[in-house]
Amino acid sequence: MTVRGAVVGWSRRVGVALFAGGMFLIPGCGSESGEPVAADTAGPTLTPVDSILLPEADTLYIGNPYALVVDPFDGSFYISDIFSGRLLRFRRDGSLMLVYGRPGEGPGEFRGGPGAPMVLDDSTVAAQTTRSRRVNIFDRNTAETIRVVNFPALAGITPPVVIGQEVWMTDFEIRRETSLTRWHPSTDEFRSMGRLPEEYVASLSSDNWSYASLFRIGSLAYADGRFVQGWSGLDEMFVLNLRGEVVDTANIPVARRKGVPADLRERIDIENIPFREQLEGSSRLRQLFPLPGGGFVFTHHDQTALQLQPMPVLTAKVWLGVLSPDLSQACVDTLVPHDFEIRPMETFRGDTLFVLDRRIDDLQKLQTWVLMYLVSDEECDWMSTRPGA
């Protein structure tokens, strides 16, 4: 496997009993997007609670994971693997439970691999193909293909929000310039709404819309009758009502991560900065989930390209942050411990962070672990998310 060879020699173990945001002096301050706004700030605390090794064989291993999702009914793990073109489901003891789909073009097959899994109810799971708008729907308990749906939306990196009989998801649609889609699986009625952020609209209307294409991944969470949506090319998060209208915004402070430069779109679309700089020059929002007691938890990735040719191999520092229930304050930039051979994947369930971590063992074999951390904001230094505060 070429990825294994590419990452040998990058192994670094990170062992902790209790990991907090730390106290680092960040020179300078400001309220512009991407600029550090605080010094000596304590982020959320991460307490390790478990680690699970996923057994892999030469005939079944995780080659190129795209997303990790926790089943809300039994706590099992779904891993979308682009390499094998399958959706893998593991029990909490690490053993393989079910395999959904296979590579190909037909029903139940994934062209380019599955996207983020969608657990629609206790009997149905679905996944969009990464190279088309088609969604395969499977029986959750048997992995048999139920049907295929042609999808108008390009779903984000987070699993969709299921509210009753409706499924809501981020929608990156170039022609409609919409940001949110509602799906009724019982009738396959779709309704797209909302508007992409101004930076994305400006990029799409330019001659070179590399910014919009490179940062098209969106994240979506729901709590208390409102959606919170973020995009990988911005430090802002947007509060949406059920009509997709923006009713509030939150500017996420930067303490230790790279942040998103205010002129990022111009540098990419107009100045045509080198590809490595496009990959490594800013933080990228990845996960966004509601917390049980109110508020939201999120992650950013600061990427490093281990190689660019023949295809990029990435690793990343993962930063954790928390938004207050009213979104007026944030506690940010706790570094998530993991090995750095390959870019990790992460997700949340309640106040627990799950990290898909990949390591090279002493025999030069690639291992896949699920690391679990309890998230706490009790020691946080809170900062305002309001411009000019």
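Higher on the page you've got the structure.
Residues numbered from 1 in each chain as written. Predicted model: local features only at pLDDT ≥ 70, side-chain atom pairs only at ≥ 80, totals over all residues. Heavy atoms only, no water.

Here 4 strands make up an open sheet; going across it, the order is S12-S13-S14-S15 and the pairing antiparallel. Whereas interior strands pair on both sides, the edge strands pair on one side only; in this sheet they are strand S12 (161-163) and strand S15 (189-193). Across the sheet, the mean angle separating the axes of adjacent strands is 30 degrees when strand polarity is ignored. Bridge count for strand S14 (residues 178-184) against S15 is 5 bridges, and the pairing is antiparallel. Looking at S15, one finds that His-184 is bridged to Glu-189. (Pairing = 2+ DSSP bridges. Helix = DSSP H or I, 4+ residues; strand = E, 2+ residues; numbered from the N terminus. Axes fitted to C-alpha atoms, helices over the stretch in contact; angles between N-to-C directions.)

By the definition in use, this model includes 1 disulfide. Each disulfide pairs two cysteine sulfurs, and for Cys-331 the partner residue is Cys-380, the sulfurs being separated by 2.1 Å. Residues Cys-331 and Cys-380 are joined by a disulfide whose S-S torsion is about -85 degrees; by sign, that bridge is left-handed. Of the two residues, Cys-331 is situated in strand S23 (residues 329-335) and Cys-380 in the loop between strand S26 (366-376) and strand S27 (383-384); the sequence distance between them amounts to 49 residues. Pair check on accessibility: Cys-331 and Cys-380 agree, each one buried. (Disulfide = S-S within 2.5 Å. Buried < 20%, exposed > 50% of the residue type's maximum accessible area, 1.4 Å probe, protein only.)

Another aspect to go through is the sheet that holds strand S5 (residues 96-100). Across the sheet, 4 strands lie side by side as S2-S3-S4-S5; this open sheet has antiparallel pairing. The strands lining the two open edges of the sheet, one partner per strand, are strand S2 (65-70) and S5. Taking the axes of each pair of neighbouring strands and ignoring which way they run, one obtains an average angle of 20 degrees across the sheet.

For the structure shown, the criterion picks out 22 salt bridges. Here Arg-89 and Asp-74 are joined by a salt bridge, their closest N and O atoms 2.8 Å apart. With Arg-89 in strand S4 (residues 86-90) and Asp-74 in the loop between S2 and strand S3 (77-81), this pair connects stretches of sequence that are 15 residues apart. When its relative accessible area of 1% is taken as the criterion, Arg-89 is described as buried. Residue classification places Asp-74 among the partly exposed residues on the basis of a relative accessible area of 36%. Notably, a salt bridge pairs Arg-359 with Asp-357, separated by 3.1 Å at the nearest N-O pair. In this structure, a network of salt bridges that share partners links the residues Asp-71, Asp-74, Arg-89 and Arg-140. (Salt bridge = Lys/Arg side-chain N within 4 Å of Asp/Glu carboxyl O.)

Between Gln-309 and Pro-310 the backbone carries a cis peptide bond, its omega angle lying at 0 degrees. Its location among the elements puts Pro-310 in the loop between strand S21 (296-307) and strand S22 (313-323). Non-glycine residue Ala-143 carries a positive phi angle of around 70 degrees. Within the fold, Ala-143 resides in the loop between strand S10 (134-139) and strand S11 (145-150). Its relative accessible area of 14% is what places Ala-143 among the buried residues. One non-glycine residue, Leu-327, adopts positive backbone phi at about 65 degrees. With respect to the element layout, Leu-327 can be found in the loop between S22 and S23.

Residues Trp-168, Leu-180, Leu-196, Tyr-200, Tyr-211, Phe-227 and Trp-231 are the most contacted members of the largest nonpolar core, which totals 22 residues. Residue assignment for this core shows that the elements contributing at least two residues are strand S13 (166-173), helix H2 (198-204), helix H3 (210-214), strand S17 (226-231), strand S18 (236-240) and helix H4 (264-269). Per-element tally for this core: the top contributor is H2, with 3 residues. If you look at the next biggest cluster of nonpolar residues, it comprises 17 residues, including Ile-252, Leu-285, Leu-323 and Val-332. (Core = buried A, V, L, I, M, F, W, Y, C linked by side-chain atoms within 4.5 Å.)

Now for the packing of aromatic side chains. Taken as a whole, this structure holds 15 aromatic pairs when the rule is applied. For the ring pair Tyr-78 and Tyr-100, a centre distance of 6.1 Å and an interplane angle of 45 degrees mean the geometry is tilted. Residue Tyr-78 is found in strand S3, and its partner Tyr-100 is found in strand S5; the two are separated by 22 residues along the sequence. There is no split in this pair, since Tyr-78 and Tyr-100 are both buried. Ring geometry for Tyr-222 versus Phe-227: centroids 5.0 Å apart, planes at 50 degrees, classification tilted. For Tyr-222, a relative accessible area of 24% gives the class partly exposed. The structure contains a cluster of three or more aromatic residues connected by ring pairs, namely Phe-172, Tyr-200, Tyr-211, Phe-215 and Trp-231. It is Arg-359 that lies over the ring of Trp-369; its NZ or CZ is 4.9 Å from the centre. (Phe/Tyr/Trp six-rings, centres within 6.5 Å; stacked < 30°, edge-to-face > 60°. Lys NZ or Arg CZ within 6 Å of the ring centre and 35° of its normal.)

So, on to the pairing of S22. The element S22 is extensively covered by neighbouring structure, given that 10 of its 11 residues are classed as buried. Where S21 and S22 come together, 11 bridges link them in antiparallel fashion. Residue pairing for S22: Ala-305 is matched across the bridge by Leu-314. Following S21, the chain reverses through 5 residues before pairing antiparallel with S22. Inspection of the sheet shows S22 paired to S23 by 4 bridges, in the antiparallel sense.

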